[in-house]
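Survey of secondary and tertiary structure
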Amino acid sequence: MRTAIMRPAALALVSMSVLLSVTEGSSPALAACSVDSNLQAGSRSGQVACLEARLVELGYDALRGPDLYFGSSTLREVIRFQTMSGLQADGIVGPRTRAALMLDERPVATVPPVVIEQRVIGSSVDGREITAYRMGTPGGRVVLVVGVIHGDEVKGAEITALLRTMPTPVGIDLWLIDSMNPDGQANGSRQNSNEVDLNRNFEHGWSYIEKSTEHRQYSGEGPADQPETIAIQSFITEIRPEIGIWYHQDANVISAGGARKAIPLRYAKLVGLAVGSVPCSQRCTGTAGSFANSTIAGSTNFLVELPGSDQVTGVMVRAHAQAVLSVILL
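Figured I'd write up the structure that's included with this text. This is a predicted model, so every value here is computed, not measured.

This brings us to the overall build of the chain. Helix and strand counts for the chain stand at 9 helices and 12 strands. Out of the 330 residues belonging to the chain, those deemed buried represent 53%. By sequence separation, contacts in the chain at least 24 residues apart represent 68% of the contacts at least 6 residues apart. In the form shown here, the chain has an accessible surface area of approximately 13200 Å², with 52% of it arising from carbon and sulfur atoms.

Right, let's get into helix α4 (residues 156–163). Of all the 8 residues making up α4, 6 are buried; the element is thus mostly covered by neighbouring parts of the structure. Along α4, the positions that sit buried rather than exposed are G156, A157, I159, T160, L162 and L163.

Here we take up the side chain of Q226. Along the polypeptide, Q226 turns up in the loop between α5 (182–187) and α6 (227–239). Here N192 takes part through its side chain, which lies 2.9 Å from a polar atom of the side chain of Q226. With residues near it in sequence (within four places) discarded, Q226 still touches V125, N192, N194, V196, L198 and N201.

Take the side chain of T287 next. Tracing the backbone shows T287 in the loop between β11 (274–275) and α8 (288–295). Residue class for T287 comes out buried when judged on its relative accessible area of 15%. Engagement of the side chain of T287 in a polar contact is seen with the side chain of S290, the distance being 2.7 Å. When sequence neighbours within four positions are dropped, the list of residues in contact with T287 reads N199, R200, F202 and H204.

Over its 13 residues, α6 extends 18 Å from the first C-alpha to the last, a length consistent with the 18 Å expected when each residue adds 1.5 Å. Along α6, the positions that sit buried rather than exposed are E228, T229, A231, I232, Q233, F235, I236 and I239.

In this section: the nonpolar core. Across soluble globular proteins, you tend to see nonpolar side chains buried next to one another. Formed by 53 residues in total, the largest nonpolar core has its most connected members in L51, V145, L163, I245, Y247 and Y267. The leading source of residues in this core is helix α9 (residues 314–327), at 7 residues. Excluding residues within four positions of it along the chain, Y267 makes contact with I245, Y247, I254, F302, V304, H320, A323, V324 and V327. In terms of nonpolar packing, the next biggest core, distinct from the first, is built from 22 residues, I121, V142, I232 and I296 among them.

This brings us to the packing of aromatic side chains. Here the distance between the centres and the angle between the planes together describe a pair of aromatic rings. Inspection of the entire model under this criterion finds 5 aromatic pairs. For the ring pair W175 and F235, a centre distance of 5.1 Å and an interplane angle of 85° mean the geometry is edge-to-face. Here the residue W175 occupies a position in strand β8 (residues 172–179), and F235 occupies one in helix α6, the gap between them amounting to 60 residues. Each of the two residues, W175 as well as F235, counts as buried. Relative to F302, the ring of Y267 has its centre 5.6 Å away and its plane inclined at 70°; by these criteria the two rings are edge-to-face. Remark: F302 occurs in strand β12 (residues 300–306) and Y267 occurs in helix α7 (residues 262–271); sequence separation between them is 35 residues. A relative accessible area of 0% means that Y267 is categorised as buried. Under the relative-accessibility criterion, F302 is labelled buried at 2%. A cation over an aromatic ring shows up here: K269 above the ring of Y60, its NZ or CZ 4.4 Å from the ring centre.

Scanning all chains against the criterion turns up 14 salt bridges. Here E117 makes a salt bridge to R134, at a shortest N to O gap of 3.2 Å. In this pair, E117 sits in strand β4 (residues 117–123) while R134 sits in strand β5 (residues 129–136), placing the two residues 17 residues apart along the sequence. A residue is classified by how much of its surface remains accessible, and E117, at 24% relative accessible area, is partly exposed. The shortest N-O distance in the salt bridge between D178 and R164 comes to 2.8 Å. A residue pair is termed long-range when its members are at least 10 positions apart, and D178 in strand β8 and R164 in the loop between α4 and β7 (168–169) qualify at 14 residues. Taken as a pair, D178 and R164 share a single burial class, namely buried. Residues joined in a network through salt bridges with shared partners are E117, R119, R134, D173 and E238.

Spatially, the 8 strands line up as an open sheet ordered β4-β5-β8-β6-β9-β12-β10-β11, and their pairing is mixed. The strands lining the two open edges of the sheet, one partner per strand, are β4 and β11. With 7 bridges connecting them, strand β6 (residues 141–148) and β8 associate as parallel partners. Looking across to β8, one finds that L144 is bridged to W175. Relative to β4, α6 is tilted by about 135°, and along the sheet it contacts β4, β5, β6, β8 and β9 (243–249). Lying on the sheet, α7 is in contact with β9, β10 (253–255), β11 and β12; it crosses β12 at an angle near 25°.

The rules we used
- Residues numbered from 1 in each chain as written.
- Predicted model: local features only at pLDDT ≥ 70, side-chain atom pairs only at ≥ 80, totals over all residues.
- Heavy atoms only, no water.
- Helix = DSSP H or I, 4+ residues; strand = E, 2+ residues; numbered from the N terminus.
- Buried < 20%, exposed > 50% of the residue type's maximum accessible area, 1.4 Å probe, protein only.
- Contact = heavy atoms within 4.5 Å.
- Areas by Shrake-Rupley, 256 points an atom, 1.4 Å probe, with all protein chains shown as cover.
- Polar contact = N/O pair within 3.5 Å; in protein donor to acceptor, adjacent residues only side chain to side chain.
- Expected span 1.5 Å × (residues − 1).
- Core = buried A, V, L, I, M, F, W, Y, C linked by side-chain atoms within 4.5 Å.
- Phe/Tyr/Trp six-rings, centres within 6.5 Å; stacked < 30°, edge-to-face > 60°.
- Lys NZ or Arg CZ within 6 Å of the ring centre and 35° of its normal.
- Salt bridge = Lys/Arg side-chain N within 4 Å of Asp/Glu carboxyl O.
- Pairing = 2+ DSSP bridges.
- Axes fitted to C-alpha atoms, helices over the stretch in contact; angles between N-to-C directions.

Quick look at the structure:
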């Protein structure tokens, strides 16, 4: 179930610094722009061009612009964006829609890319450390990003590593874990060294799945009976992330879990992935995201399925990192 990555160069940056700004009768020119008034069908101004450029940037590109006029094609794309973002689909670009599009924000203040805390939160079956890196603003909105759960799905760790080199938006308390399964990663296996699928071992919704060489989704003998799972559950309970992003492969889809669906839906648009379910060959029991969502009321933990490792390029890794920095502000 692999789909092509759409518009790899059309990345939504945290600062709205490269959008179209036009004046009546002029040609579009590259400049900063924002929208600070309501727009609707029939509106005509340079702010319409800013709106249309932003829609195109997010993949809502079945419109005639960017130009100065809010016509029927712009209306259709605005309604489509509102529907996908869980907003009232009235076609009016008011305060809520502007905020969802990040059109009424000035460039976001950032904290330099410095790891302010490096914490060993536990260890694996074979004694390898599980490390969490903290960046941004302590006391701000807590965000957790985990690069690897299954040891043979490793490209998410490149995203977390890249995020450590990128400025963090002010007000975000960002925690990055490259891998919660260092043994599986070292062994090139889905499971940990006890042959347990760690994404079937969390307490919430756990049920027994027997060991098998065919499906490799052994749940363990009891909920959270593995040291890696215990470490992550304790860490989640301690830091209480409002947003959590968990990377997998190779289904090439976003599973939009959590309380605020607009966050994974926006992420999907930014990176050009479809939103859908990720089938489990056995049962989707005892998963990390469901544990976090059930433990932290109102939180939004969702799963990002990257494509196969041979398809994940450096450009794609950067697109995902930039998407993280965008959606954690919603």
